[in-house]
Structure formats: C-alpha cells, structure tokens
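# Structure assessment
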Amino acid sequence: MTRRRRRGALLPTLVVLGVIVVAFVAFAEVWTDFLWFDQLGFGSVLRTRLLWQALLFVSAGVVMAAAVWISLTVAYRSRPVYAPTTPEQASLDRYRETLEPLRRLVAIAVPATLGLFTGSAAAGQWQTVLLYLNRVSFGTTDAQFGRDIGFYVFELPFLQFATGFATAVLLLSGLAGLVTHYLYGGVRVGGPGERTTREAQAHLASIAALFLLVRAAAYLLESYAIMTKEGGLIAGPGYTDVNAVIPARTLLAVAAVLVALAFAYTAVRGNWRIPALGVGLLILVAVVAGGVLPQIIQRFQVNPSAAEREGPYIDRNIQATRAAYGLDDIETIDYNAELTAERGALADDARTLPGIRLLDPALVSPTFRQLEQIRQYYQFPDPLDVDRYTIDGETRDTVIAVRDVALAGLPTGQRNWVNDHTVYTHGFGVVAAYGNKRTGAGEPEFFQSGIPATGDLGEFQQRIYFGENSPDYSIVGAPAGGDPVELDVPDTEGTGTQQNFTYDGGGGVSMGDPFNRLLFAIRFRAEEILLSNRVNDESRVLFDRNPRERVEKVAPWLTLDGDPYPAVVDGEVLWIIDGYTTTSRYPYSRSARLDEATETSVTGENASVQQLLPARINYVRNSVKATVNAYTGEVSLYAWDAEDPLLEAWSDVFPGTITPLDEVSGDLMSHFRYPQDLFKVQRELLQRYHVTDASSFFSGEDYWSVPNDPTVDTAPTVAAVGRPQPPYYLSLRMPGQESPAFSLTSTFIPTGEGEAGRRDVLTGFLAADGDAGNEAGTVRSGYGQLRLLELRNRETIPGPGQIQNDFNTDGQVANELNILQIADSQVLRGNLLTLPIGGGLLYVQPVYVQSTGDTSYPLLRRVIVAFGEEIGFGETLDQALDDVFGGDSGANAPDASDVTDDPSPSPTPSPSATPSPGASPTTSPPTTSPPAEAGDPAARLEAALQDASQAIQDGEAALADGDFTAYGEAQDRLQAAIERALAAEAELTGEPVVPTTEPSAAPSSEPAP
C-alpha cells in the first residue's frame, strides 16, 4: 500500500500571511488618514466619502453578483434531463464533463468577480449619487425643454448612471444564462426541432424584455443629454438635433417598449418570431430615424441656409455659455485708442502711473534667492506671487514669497533621517518687495526682509511649517531631554550659534500612542519612527503639508486654482487658494479643457503655478476661498459665492465644513484677489463669445486669440516658447473707473491659422477688478467686474508680439541693450504690461541684466515703453515716459520715480551711472541737485561746480571699469552741470557766457570754466 501524500501547509500559510500584511498596510493608510482629518476638524468628510463608497461598492457588487448567480442557477436547474442527441450537443459533452467538478466554484467565482469590478466602478460615482440626493434648483430653465438647469446637473447624471448599471446587470446576467443554456442543451443553434426549451425561452425572453425597457429609458435620457453635446460650431442641439435627432430618440423609446412587450409575450406563451420581427423593426427605426433622416435634413435643409436655420440655436449657445462662465455681466466698452503721444496726455492718469508694477515675478526669483535665501536649505518659488499691502497709508502692489525649507539644498553628507525629519522641519519668514520700485543697483526694494524678517508688516508668526516645498513628513514637538532640536534661526552673524525651536502650533497628529507610531512607521516605511529617541509621547507628525493638497483632501469636490499665494494676515502667514465648483452638464454651454485653458508661459512641471488637469467643464464659479495656516496647518473654507447651487448642494452633503463669508476678517478680505485660472478660462471663452450677434458668430469674422508670450525667448527658467501670455496682476484705472484698482489683465489679437494668417494687432483688452474688499471686512461692490475694451480703430494697434519686435529692433534701444550685454552679460525682457492710459494703450516692459556665473541674478536696469508708434527708453519709468511724450507726460508726481536709494550699506551707483553688468558697484551716489528756478546764483554756481567734479570722478571710475555706458552718462551730467554753472555765472556778472568747447572726451581733473 502506498501512503497518501499530504498536502503541504507552507503555501497556504504564506498566502494567508500575505493577505494579512496587505490588509494591515491598507488599514494603516486609512486609519492615519482618519487621524489627519479629525485633527483638522474635517473627519465628517472622510467618513461620509468612505461610507458612501462602501455602500455603493457593496450594493452594486451584490446586485450584479446576485443577478448573474440567479441567472446561472436558473439556467442550470432548468436544463433538459437528457441533452439532445445532435452532433452539436455531442461536441459539448467534453466541456460539460470538464466543467462539472468545478461547477459550484465557477457559479460562485464568476458572479463574485463581476461583482467586484462592478462595485469598484460604482464606488467611483459617490459624488454623482450624493449630488442627486442633495439636489437644489438653479432657478433657470433650459431653452429647449424648459427644465430647470438643476435637472441636467444633479438628476440626469444619476439617472444615466442608474440606467447604465441596470443595462450592465441585465446584459451580463443574460449572457451568463445564454451560455449556460447552450452548454447544457437548453439552446441549440442547429438540428431539428425547437431551438430553445420552454424554460430557456421564458428565462431569456424575460431578461430581454427588462433590458429593452431599460434601453427605452436610456433613449429618453439621451434626448436630454443632447443638450450638452459638443458640435463643430456650437454646443447643444442645433436645428437638425431639435427637428430630427430628439424626435428619433422618442420614437426609439416607444419602439423599445413595444418590442419589450413582445418579448414578455414570448416569455409567457409565444414564440421567437414576434420579438425577432420587433428587433428588426427597432434596428430599422434606429438606422432611418437616428441616422439617415438627420443626414437628409442636415444636407438639404440646413446646409443651404445654415446661418438662418442655426441662428436661434446660436443665440441659445451664446446666452448659455456667457451665463455659465460668468460672462453675462461683462461690461463691454468701444475704445477708440489714441495712437499719437501728446504732451500732457497722461495728466489724468497721474495716480495710476506711479503704481505700475515693474518687478517681474517670473524673473526675480533668482534675485530673491541670492539676496534673501540666507542658507542653501531655504528656497523661494518660481515664479513669485503678486499681492498688495497698505504701507504708510498707501496700497501698493507687492511681490511676495515665503522662505521655505528645501532639503535638496543640504549637502549629501547631511542627508539622514534625523536631519530630514526632525531638524530641518520648517522655513522661516516672508520676503516682500515693492512692485514699482528698485534700488539704484537695480535690486528689488524690500519692505520686509531678513531672518528673522523685519519690515513694515509688523509682528507675525514667521515659521513656515506648511508650505509648497515642505518635507513629506516631519516629527516635531518636545524632544527627549527637553532641549529643542528643530533648526529655527540659522547662525547669520558668524558666532557659531544657531537658535533651535520646539513646535507648539497644535498641527499634525499626536505620536503619543505606540500603536499610532507603528501605523505611521508602516505608512512612511520608516522604522526610525519606532526606534528613534527623537519620537516620544509629546511628538507630533506633520504630513500632507502642501497647502493645495491639504485643501484637495478636505474638499475633494472642488477644483483648485493652480497658484496658491501667501499673505500676512492678522499676525499669521496664510496660504490663500481659490476653489471652483464646476460641471460639464450645463445645457447649451460650450465646454473648455482646463489644462489647455490654463496653460501659459509660466506654468510647468517645476513651476509654482500649476496647470490644471485635463478635465472638460462648461460651468464654473469661484465659490470658495480657502486658507491654510502656514504654522498650524489649519484649513478654512469660506463660502465666497453663496448663490452657487453647486456650493449649496455640497454644503448639504458636508454640513459644517463651509464657513460663512461674514466670518472673514477685514485683514484677510483685503488680500483676496480675482483668481487666475478662472480668468484664464473666461478669456479662453471670450475669444469667441465676445461676439453676441448670431450671424457674426456664424461667420467667425471677429474671433480672437490670446497672444503668445513674446518674452519667452529670454526666460531662463521655463520652456515656454509658443505658450500664451499669462494674465498680469497690476493696479490700473479702466475707463469708467473713478480710481485705480488691483486688477488682472489680458489682451487679445485676431484669430489666424498658421504664421501667414496670424496678425499680431490688438483687438481687445480684458481686465477683472480684483480688489475684493478692505479692512472693513465687506466685499467691495466692484469686485469681479469684467471690463472688455473692444478696439475699433481704423488704424491698427500693434499687439504684444509687434511691440516686442519694435523694442528689439529700435535703434536707440538696441544700441543701449547691446552695451548692457558686454562681458557676456544677458539681457532679459520682463513682463510686457499693457495699460489703457492717456486715451490709448501704453506698453511697459522692464529690462533686466544678468551676468554669467552660478550666483548671478537679474537686476532691473532699464524701462521701455511704447504708445502708438512712439518708443521710450530710460533708466526709470519717468524717463521712458518723458521720452515718448516729449519730456512732458503730465504724470510726474512726487513719488513717481521707480528708483530709490539703495538701503544696503554697500556703496551703489547712482541711477544715472549704472555699473557694468555683473561688476560690483564702486561709485558713491552723486550729489546732483536739480536746477532751481530762483535762489542765490552763487549757491547755484557752487552746486553746479560740485556736480561737475562728481561727474568727472564717476567718469574716471567708469572708464577704469570699461563701462562705456556709465562713462557716457557721466559725460552727459558733466555737460549739464557746466551749462548750469555758466547760467549762474551769467547772473552774477550780468553778461551772458557762451561755452566755446564741449567737455573733453578724456577726463580731466577740473571742470571747464
């Protein structure tokens, strides 16, 4: 006798252990997420989402599995006792014999597998189900069926999901029954006699009847779904859809019901002939009514008179699109721009000009980094952010950034778990510079700088524990022994001592429970969490620290703006993120792809301004303003657009998570701004939908495009050639506005195909009023107002591309820039700003110079302006404006100059004696005084001689450095000083003194007499 071989227990044991390990890792992820949400006060969000996902997974999976199992069981139990003796059935004997030992397993495994897949798909529809259960009215009806918009946004998606699910259940259960019946002889393809047994006929005909009833409902829903279809010219149904396709869907629904009745009759007592005939007629109706008839109507009725036939539907599309994107209240202004620069033309805009932002946030990040980074383990984003602050009672445009921690900056030898996760835990401080000022050396003029930061922003919590570049997780809190270990303020004085800190902000999750430590060790794959003495009962773990990611987790129903920005608010640093409610179900509205609409020359994989994901929407509202506290990590969601139906529905889904707007502080309100990505989407739609006349829209003769950024050839940090020009934040006064307002602006040029068809002339200028409010805490009435200047000049107005080309080819500008590029320095063109000023359009572009070397950074050296065909160039904005407007722009205000004294202790050159790019400044500020109209002639003579002497010294220093630009400027100052000296001497002597010689080309030790 042979001993039966025992089956080994090793493999089953390993399988069970593997399942346990995987399950516990999944549990660690979920449970630590629960702790994270509860700490923030948003635990209900995760619980609601997981509850409904689980409910949908189980219910859909069970329904699918049960339906397939019942169908399999019914088919098997109703099999013929004796299989028909036909060659066909004989060939199936071997399959039946093979399957029989595994039949019970197959009967369970197949339904279970289908149930798992179906449940997973259904769980992903949790938002659809919750919106349906919490649906509200939009208060607006569609133009075709007269239904409330809420039906299309909330109800139709759920009904289509339900019919799709029912269709899948019936189809799969029917296939399972058909295969089983065929395998066991209930259904035959060939041979004499009936093709199906009575039991198989009743079973399959019943499923077919139910399937056709569901399809009838689906046909009716498709009639409504046509309201959001995308066509070539418009969105939504056109003439052919309304007069052929929609009636065809109704006819198909009726036909499907009739065929379902035929199948029901067959299930009871009939045969297959009647339903087979019905199916044939249904297919014929689908082909003729759903395909042939619409083609005939389109070709013979619509195409010959398309403009007239489609006109009413184009009107519907225009009105719905403008309403869905918030463009229906746009203020359109016919703007006949002046093209000739006249003296005094800018007098009415004297309050706007001093505030023009010259600092380019896309270029000055390296400058911030070199001047304010302090240590290699800090960094600034690229590009920087633009906000506004009230300094000395005046609101100023500001370029601002937080000094975030950057572990990548640490030397390789310092990278270890202790340093990465317990020492370098946070950034420190905020750096802010005036947007319209620079020092004499071309550097930003900071009003908040240093570490710890000092300046005009007052006292605030400067530690940045939650930032865009924070480590994936940090262990903070009281360390073993009580001595702080977190690097706080580095040794900036060279004393060899640094200040450490212990986090006490209350953010993160407590590590006091040993079980929590185990779960986090599994989550982060870090056994050090269990073994290190840096982790104790008082420790907390900070993770998911990126502000945008934190808001995404607590509000998964929001689409977030790609550019969070920091603001110092009420003694704290807050990240402000705009949140949008969106849908793709708004009837007759044109859809937009978010990734395409939000792409610009400053978005990119490594940029701080993110491009949105490739989702299609046809409705958007800036419904939420979110904040993240940079120290505590606290997340707040403020209901910005309380009238938005989507926000109302989500507020019902997650009650208590949305904070009313009246709880926003005045300080925070003053830093809310019009969101970039909303503006980008709106300008994308306005390329076509600025046209409100149906016939003009049909012809497409006045479609626009957003111009490509003409400055990208010199952009050092992004590969942006061919990308659209980004919108720009700046303060300006639009026609119709009483005073300047912080705004977001963009330009338009005509649409053209290819290089030959594209004309870079200006056709429109769009500005959104971005001043949300002030310290009173109420929303300003003008906030969000879109103003569109439509340029109707007979003469063409050059667009950004033409202006940039003019700047690059202008003789004076080219010569000056060529001189600035000596010694391998690089000239960088800053953002090309467009402003409606002086009755026309003024272009302003700062010019930066950057020397070679790893530690070089851009310095603002020149400003170029253009008005009409006139180009101005100067060291300051005033000089450039005076160059265009004949020396009298009418805009010279006491604070109009964009150059200030260099606050740094090192000597710097004067604005009129710019050093060679990349060289260290070596001259001291001149003592030049403007000539007085009246006063003591002897004093004026003495001042002029001193200025002449200083100019000679500056010229000698510039000549020694090889800086011929500064030398030439010193000679100009020398000539001006001599002329003032001669005029003063003439007053003293009573006789005119006429100079007989020009200043010497070579420097001398004394000024000319």
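Preceding this paragraph is the structure being described.
Now for a description of the structure that goes with this document. (Residues numbered from 1 in each chain as written. Predicted model: local features only at pLDDT ≥ 70, side-chain atom pairs only at ≥ 80, totals over all residues. Heavy atoms only, no water.)

## Re a negative patch on the surface
The following threshold applies: Two joining distances apply to patches: 9 Å for like charges and 5 Å for nonpolar side chains (Val, Leu, Ile, Met, Phe, Trp, Tyr), and every residue must have over 30% relative accessible area and no salt bridge. Accessible surface is estimated by sampling points in the Shrake-Rupley manner with a 1.4 Å probe; for residues, cover comes only from the protein chains shown. Any carboxyl oxygen of Asp or Glu within 4 Å of a side-chain nitrogen of Lys or Arg constitutes a salt bridge here. Only four residue types enter the charge count: Lys and Arg as positive, Asp and Glu as negative, with His and the chain ends excluded. For this purpose, a charge sits on NZ of Lys, CZ of Arg, CG of Asp or CD of Glu. Helix and strand definitions follow DSSP, with helices as H or I runs of at least four residues and strands as E runs of at least two, each counted in order from the N terminus. Buried residues are those whose accessible area, probed at 1.4 Å on protein chains only, stays under 20% of the maximum for their type, while exposed residues exceed 50% and partly exposed ones sit between those limits.
On the surface, Glu795, Asp806, Glu869, Glu870 and Asp883 cluster together into a patch of negative charge. Mapped onto the secondary structure, Asp883 falls in helix H24 (residues 877–884). Classification of Asp883 by relative accessible area gives partly exposed; the value is 33%.

## A word on unusual backbone geometry
With an omega dihedral of 5°, the bond running from Asp382 to Pro383 counts as a cis peptide bond. Take Pro383: it is sitting in the loop between strand S2 (378–379) and strand S3 (385–391). Geometrically, the link from Ile451 to Pro452 is a cis peptide bond, its omega value of -5° lying close to zero. Topologically, Pro452 is positioned in the loop between strand S8 (444–449) and strand S9 (454–455). At Ile374, a residue that is not glycine, the phi angle is positive and equals roughly 70°. Along the chain, Ile374 turns up in the loop between helix H11 (365–372) and S2. Note on Ile374: relative accessible area 32%, which makes it partly exposed. A positive phi angle, close to 50°, is found at Asp544, a residue other than glycine.

## A few points about the environment of Ala362
Relative to the helices and strands, Ala362 resides in the loop between strand S1 (331–335) and H11. When the C-alpha atoms of Ala362 and Asp382 are compared, they prove to be 6.5 Å apart, with 20 residues separating the residues in sequence.

## As for the nonpolar core
This is how the line gets drawn: Residues belong to a common nonpolar core when they are buried Ala, Val, Leu, Ile, Met, Phe, Trp, Tyr or Cys residues joined through side-chain atoms within 4.5 Å. By definition, residues are in contact when any of their heavy atoms lie within 4.5 Å.
Judged by nonpolar contacts, the single largest core of 136 residues is most densely connected at Tyr325, Tyr473, Phe520, Ile529, Val541, Trp557 and Leu637. In contact with Tyr325, other than residues within four places in its own chain, are Ser589, Arg590, Ser591, Ala592, Ile617, Asn618, Tyr619, Val620, Arg621, Val681, Gln682 and Leu685. Among the nonpolar cores identified, the runner-up in size contains 60 residues, and Leu353, Leu817, Tyr843 and Val865 belong to it.

## Describing the packing of helix H2 (residues 43–77) against helix H5 (residues 126–133)
Here is the rule we go by: Every axis corresponds to a line fitted to the C-alpha atoms, with the helix fit spanning only the stretch in contact, and the corresponding angles, defined between N-to-C directions, vary from 0 to 180 degrees. For classification purposes, angles smaller than 35 degrees are called roughly parallel, those larger than 145 roughly antiparallel, those between 65 and 115 roughly perpendicular, and all remaining angles oblique.
In the contact formed by H2 and H5, the axes pass within 10 Å of each other and the chain directions differ by 105°. As far as their axial angle goes, H5 and H2 are roughly perpendicular. From H2, Thr48, Arg49, Trp52, Gln53 and Leu56 reach across to H5, where they touch Trp126, Val129, Leu130 and Leu133.

## Some details on the environment of Thr395
Operational definition: Pairs of N or O atoms within 3.5 Å make up the polar contacts considered here, provided that, within protein, one atom can donate a hydrogen while the other can accept it, and that residues adjacent in sequence are counted only when both atoms are side-chain atoms.
Its location among the elements puts Thr395 in strand S4 (residues 394–402). Counting along the chain gives 347 residues from Thr395 to Phe742, while the straight-line C-alpha distance between them is 9.4 Å. Apart from residues no more than four positions distant in its own chain, Thr395 is found in contact with Arg388, Tyr389 and Thr390. Within the structure, Thr395 has its side chain in polar contact with the side chain of Thr390 (distance 3.3 Å).

## Some words on the packing of aromatic side chains
Aromatic ring pairs are defined here through the distance separating the ring centres and the angle between the ring planes. Where we set the bar: Any two of the Phe, Tyr and Trp rings considered here, Trp counted by its six-membered ring, make a pair once their centres fall within 6.5 Å; the pair's planes then place it as stacked at under 30 degrees, edge-to-face at over 60, or tilted in between.
For the structure on display, the rule yields 42 aromatic pairs. Between Phe263 and Trp272, the ring centres sit 6.3 Å apart and the planes meet at 65°, which makes this aromatic pair edge-to-face. Judged by its relative accessible area of 10%, Phe263 is buried. Seen from their ring centres, Tyr689 and Phe697 are 5.0 Å apart, and the 45° between their planes marks the pair as tilted.

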